[in-house]
Amino acid sequence: GAGVSQTPSNKVTEKGKYVELRCDPISGHTALYWYRQSLGQGPEFLIYFQGTGAADDSGLPNDRFFAVRPEGSVSTLKIQRTERGDSAVYLCASSLIGTGDEQFFGPGTRLTVL
Amino acid sequence: AQSVTQPDIHITVSEGASLELRCNYSYGATPYLFWYVQSPGQGLQLLLKYFSGDTLVQGIKGFEAEFKRSQSSFNLRKPSVHWSDAAEYFCAVGGASGTYKYIFGTGTRLKVLA
């Protein structure tokens, strides 16, 4: 079966613009996660979905960041008024049940804000 | 506070030599422990995981890791390194039932000399 996919693989945008990053989890996985990996760092947790609802969004850095998962499958991470500091690789992961099970990671979207 | 420390930012070994990458964690409950590998431009690939049971865990590509509760460590080892092992390695800790966030270390970049 297919793994986690993310589109686009690369996104270049200008400061102040709005961007959307998409994640397609593994079919049947109820849990979905977003992480952000800045240069030279490990991934950092952003948000966790269980089904359609955001169970924990405590990692979102500020209110410019928002994520949705309207049908409990595909998720979109939305960033408003992008800043240069938002440049990073955004990783999506999914897992079968969400607590204590293995997360499978996608290839990531590299976001560059000029 | 929960954290993962990978004290070695860079490690260089000769092809055929043995390898040990260090990982120390701080976690309030019984941890689930993971090692991931990330090649340039690629997503995170799981090498091995420890949930419970035997403290010596075998993974893919000839890697193994040993969980030492008394030392709060989960070091990754390989007896003979191949040039294709050059990549960045991340240790991560996640919770047992009831938690879902992975906390990653900052990574160790491995260089392999021919």
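Everything discussed here concerns the structure shown above.
Residues numbered from 1 in each chain as written. Chains lettered and ligands numbered in written order. Predicted model: local features only at pLDDT ≥ 70, side-chain atom pairs only at ≥ 80, totals over all residues. Heavy atoms only, no water.

Q: Explanation requested: the overall build of chain B in the structure shown.
A: Helices and strands together make up the secondary structure of chain B, namely 0 helices and 12 strands. A compact globule built from 114 residues should have a C-alpha radius of gyration of about 13 Å, and chain B, at 14 Å, falls within 12% of that. Along the three orthogonal principal directions, the C-alpha set of chain B runs to about 45 × 30 × 20 Å. When each of the 114 residues of chain B is scored for burial, the buried share is 47%. Here the contacts in chain B between residues at least 6 apart in sequence split such that 53% fall between residues at least 24 apart. The positive charge centre, built from 10 side chains, and the negative charge centre, built from 8, are 6 Å apart in chain B. (Helix = DSSP H or I, 4+ residues; strand = E, 2+ residues; numbered from the N terminus. Rg over C-alpha atoms; globule rule 2.2 N^0.38 Å. Buried < 20%, exposed > 50% of the residue type's maximum accessible area, 1.4 Å probe, protein only. Contact = heavy atoms within 4.5 Å. Lys, Arg positive; Asp, Glu negative; His and termini not counted. Charge placed at Lys NZ, Arg CZ, Asp CG, Glu CD.)

Q: Got a minute to help me understand the environment of L91 of chain A in this structure?
A: With respect to the helices and strands, the residue L91 of chain A is situated in strand β9 (residues 88–95). For L91 of chain A, a relative accessible area of 0% corresponds to the buried category. Each C-alpha atom, one on L91 of chain A and one on R110 of chain A, is 8.8 Å from the other, the two residues being 19 residues apart in sequence. The residues contacting L91 of chain A, other than those within four sequence positions of it, are Q6, Y33, W34, Y35, Q37, P43, F105, G106, P107 and G108 of chain A together with L44 of chain B.

Q: Sorry, what's going on with the interface of chain B and chain A here?
A: Many authors give the size of an interface as the accessible area that is lost as the parts come together. The partner chain A presents 21 residues to the 20 residues of chain B that form the contact. Together, the buried faces of chain B and chain A total about 1600 Å²; carbon and sulfur atoms form 56% of this surface. Sorting the residues of chain B by area buried against chain A places L44, Y100 and Y102 of chain B first, and these three jointly supply 37% of that buried surface. Remark: the boundary between chain B and chain A carries 2 salt bridges. Between D56 of chain A and K101 of chain B there is a salt bridge, with its nearest N and O atoms 3.6 Å apart. Summed over the shared surface of chain B and chain A, the number is 6 residue pairs in polar contact (both at pLDDT 80 or more). Elements supplying a minimum of two residues to the side of chain B that touches chain A: β5 (31–38), β6 (44–50), β10 (87–95) and β11 (102–104) of chain B. Of the residues that constitute the side of chain B that touches chain A, the class distribution is 10 nonpolar, 8 polar and 2 charged. (Buried area = accessible area lost by both parts, 1.4 Å probe. Salt bridge = Lys/Arg side-chain N within 4 Å of Asp/Glu carboxyl O. Polar contact = N/O pair within 3.5 Å; in protein donor to acceptor, adjacent residues only side chain to side chain. Nonpolar A, V, L, I, M, F, W, Y, C, P; charged D, E, K, R; others polar.)

Q: Please explain the pattern of salt bridges as it appears in this structure.
A: Opposite charge on two side chains permits pairing when their charged atoms draw close. Across all of its chains, the model carries 10 salt bridges over all chains by this definition. Here R109 of chain B ties to E88 of chain B by a salt bridge, and the two come within 2.8 Å at their closest N and O atoms. With R109 of chain B in strand β12 (residues 108–113) and E88 of chain B in strand β10, this pair connects stretches of sequence that are 21 residues apart. Three or more residues joined by partner-sharing salt bridges are found here, namely R64, E83 and D86 of chain A.

Q: What is the right way to read the nonpolar core from this model?
A: In summary, soluble globular proteins display a tendency toward joint burial of nonpolar side chains. Core analysis: the largest hydrophobic core is formed by 28 residues, its most contacted members being L19, W35, L47, L48, F74, L76 and Y89 of chain B. Looking at this core, the elements that each hand over two or more residues are β2 (10–14), β3 (19–21), β5, β6, β8 (64–68), β9 (73–78), β10 and β12 of chain B. The element that contributes the greatest number of residues to this core is β10 of chain B, accounting for 4 residues. F74 of chain B has contacts with C23, L33, F34, W35, L48, Y50, A65, E66 and F67 of chain B, leaving out every residue within four places of it along the chain. Counting residues in each nonpolar core, the second largest holds 20 residues, with V4, W34, L77 and V113 of chain A among its members. (Core = buried A, V, L, I, M, F, W, Y, C linked by side-chain atoms within 4.5 Å.)

Q: Is there a simple way to think about the state of the cysteines in this case?
A: What is meant by a disulfide is a covalent connection between two cysteines, made through their sulfur atoms. Applying the stated criterion to the full structure yields 2 disulfides over all chains. Note on cysteine connectivity: C23 of chain A is disulfide-linked to C92 of chain A, with sulfurs 1.8 Å apart. The sign of the -65° torsion about the S-S bond sets the C23 of chain A-C92 of chain A disulfide as left-handed. Taken together, the residues C23 of chain A in strand β3 (residues 19–24) and C92 of chain A in strand β9 connect sequence positions 69 residues apart. Given the relative accessible area of 0%, C23 of chain A is considered buried. Assessed through its relative accessible area of 0%, C92 of chain A is described here as buried. In this model, C23 of chain B is linked to C91 of chain B through a disulfide, with the two sulfur atoms separated by 2.0 Å. As the torsion about the S-S bond is roughly -65°, the C23 of chain B-C91 of chain B disulfide counts as left-handed. Of this pair, C23 of chain B sits in the loop between β3 and β4 (24–26) while C91 of chain B is found in strand β10, placing the two residues 68 residues apart along the sequence. (Disulfide = S-S within 2.5 Å.)

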